[in-house]
Amino acid sequence: MRPMKLLNTEIKNNVLKSMLQILDRERHTIIEANKKDLDAFQKADQALYDRLIVNDKKVDEMLAAVEAVMLQDDPVGKEISNTTLKNKLNIVNTTAPFGTILIIYESRPDVTIEAAVLAFKANNKILLKGGKEALHSNLVLEQCWHEALEANGLSKDWIKLLHLKREETQEFLKNPTEPLDLIVPRGGERLINFVKTHATCAVLVSGRGNNFLYVSEYADWSKAVNVIINAKTDKISGCNALDKVLINKNLPQYATKIKMLKQKLEQHHVEILVDHKISDILPEHNTIADHHIWYEEFLALKLLIGEVSSLEDAIATINKYSGKHSASIITEEKAEAMTFMHNVDSAAVYHNASTRFTDGGQMGVGAELAISTDKLHHRGPLGLNQLVTNKYYVYGDGQVRV
């Protein structure tokens with residue numbers, strides 16, 4: 001199958017203008033389809049359920065994402081470098097589309113909009129493998145995309161859902177029926193491992209959190225508590241939500257402050273887990289018996305609190321157990337903060353701020369395909385400018401290598 005042709009910016013933006021009109025017109029249909037998905041949802045997973053919901057606010061967010069991408073500069077064909085060698089060869093490195101991107105995701109119908117609008121504006125074909133729990137919602141959203149494409153004389157193949165069962169997905173990854181250039185598994189550890197095991201092309205890992213926050217002995221305690229509460233409770237279904245808190249045992253009034261944090265967390269109905277050292281201060285809470293829980297992303301009103309003896313101890317713990325997504329330090333010592341930020345191996349590192357800001361919109365990137373925790377080819381929010389690769393154009397006049 002030949003790659004999708006290069007489209008000019010005007011055509012792409014016209015599709016997005018059409019999509020804005022269609023999404024708004026079909027608002028009621030989208031929400032009604034989503035109600036079917038919500039009614040059929042049977043898993044006792046609050047985070048997954050929250051991600052599934054589409055209401056008027058969510059449709060407004062979809063519209064805002066499409067409009068924002070439409071207004072962004074076209075990322076394709078931008079000159080990265082331009083060099084003329086001694087032999088008069090002119091070498092121009094420019095941005096170019098990936099080709100075909102497959103994204104596999106659970107629950108969130110808004111990904112069907114955000115992933116597709118970004119991929120399309122960057123001149124990529126996108127295959128959407130959404131979860132069966134969002135089938136009705138995704139079918140309506142796919143119809144909206146197809147109407148927008150066909151209204152502007154383009155093939156529906158630019159954006160399409162894959163209706164595959166688990167075994168069929170496994171076979172598709174091993175032996176794709178069309179060329180795949182990039183796969184983005186957006187979900188938990190099981191999904192990521194499944195894709196990595198079976199894929200035969202590049203895989204860009206995203207979606208897993210397990211984020212840590214370290215409270216230094218030099219922390220402003222009030223600041224620490226506010227950040228912890230926000231990072232844990234603002235949106236438990238977010239991959240940027242907080243899972244683990246490490247507290248330096250040399251923090252002044254250590255035991256008193258831990259009890260204060262406990263009270264504040266309980267006000268927000270957060271289940272508290274503790275390590276053996278913290279259990280001496282909070283004996284009434286569950287003490288972890290299995291160290292593997294340090295690797296878990298909770299996606300729930302649950303927080304694990306542990307004790308560390310130093311900055312180095314905190315950094316080592318985070319680098320061992322975290323999902324390499326987001327990590328934060330609360331300290332009033334800037335030099336300590338920089339040591340933490342330089343040495344913690346995460347896509348985003350924070351000083352005195354909530355991990356909830358690891359988000360394309362919050363970071364100024366705009367709509368995002370996902371949050372990449374890989375180091376190649378990009379780390380962090382995958383926005384429009386990250387959905388291109390590069391290509392060298394070499395202009396000569398008969399030169400040969402000698």
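Quick note: structure is the one above.
Just so we're clear, the structure is a prediction, and the values are computed from it rather than from any experiment.

Attention now goes to the nonpolar core. In this structure, L23, I103, F120, I126, I159 and L369 are the most contacted members of the largest nonpolar core, which totals 54 residues. For this core, the element with the most residues is helix α5 (residues 110–121), which contributes eight residues. Excluding residues within four positions of it along the chain, L369 makes contact with I103, A115, L118, I126, V184, R186, L382 and L387.

Our next topic: the sheet that holds strand β2 (residues 90–97). Two modes of strand pairing occur in sheets, parallel and antiparallel, and in both the strands are linked by backbone hydrogen bonds. Read across the open sheet, the three strands follow the order β1-β2-β16; overall the sheet is antiparallel. Each end of this open sheet is capped by a strand with a single partner; those strands are β1 (79–84) and β16 (388–395). Sheet twist, expressed as the average angle between the axes of neighbouring strands with direction ignored, equals 20 degrees.

The buried count for strand β3 (residues 100–105) comes to six of six residues, which makes it a mostly enclosed element. Burial of β3 is two-sided: the residues T100, L102 and I104 facing one way and the residues I101, I103 and Y105 facing the other way are all buried. Pairing analysis gives five bridges linking β3 to strand β4 (residues 125–129), with the strands arranged parallel. Looking at β4, one finds that T100 is bridged to K125. Handedness of the crossover joining β3 and β4 through α5: right-handed. The sheet contact formed by β3 and strand β6 (residues 182–186) spans five bridges and is parallel. Pairing of I104 across the sheet is with P185, part of β6.

Overall, parallel pairing links the seven strands, which are arranged β10-β9-β11-β8-β7-β12-β13 in an open sheet. Each of the sheet's edge strands pairs with one partner strand only, and the pair in question is β10 (286–287) and β13 (348–351). Alignment of strand β12 (residues 326–330) against β13, held across four bridges, turns out to be parallel. Across the sheet, the residue bridging to I329 is H351, located in β13. Across the sheet, helix α11 (residues 311–321) is in contact with β7 (211–215), β8 (242–248), β11 (302–308) and β12; its angle to β7 comes to roughly 175 degrees.

Moving on, we get to the packing of helix α9 (residues 221–233) against helix α10 (residues 254–267). With their axes 11 Å apart at the nearest point, α9 and α10 run at an angle of 30 degrees to one another. α9 and α10 meet at a crossing whose hand is right-handed. Taken together, the residues of α10 that come into contact with α9 (itself represented by W221, V225, I228 and I229) are K257, I258, M260, L261, K264 and L265. Taken together, the residues of the contact of α9 with α10 break down into eight nonpolar, no polar and two charged.

Procedures and definitions
- Residues numbered from 1 in each chain as written.
- Predicted model: local features only at pLDDT ≥ 70, side-chain atom pairs only at ≥ 80, totals over all residues.
- Heavy atoms only, no water.
- Core = buried A, V, L, I, M, F, W, Y, C linked by side-chain atoms within 4.5 Å.
- Buried < 20%, exposed > 50% of the residue type's maximum accessible area, 1.4 Å probe, protein only.
- Helix = DSSP H or I, 4+ residues; strand = E, 2+ residues; numbered from the N terminus.
- Contact = heavy atoms within 4.5 Å.
- Pairing = 2+ DSSP bridges.
- Axes fitted to C-alpha atoms, helices over the stretch in contact; angles between N-to-C directions.
- Right-handed = clockwise from strand over helix to strand, strands pointing away.
- Left-handed = near helix turned anticlockwise from the far one by under 90°.
- Nonpolar A, V, L, I, M, F, W, Y, C, P; charged D, E, K, R; others polar.

Treat this as a map of the structure, not an account of what it does.
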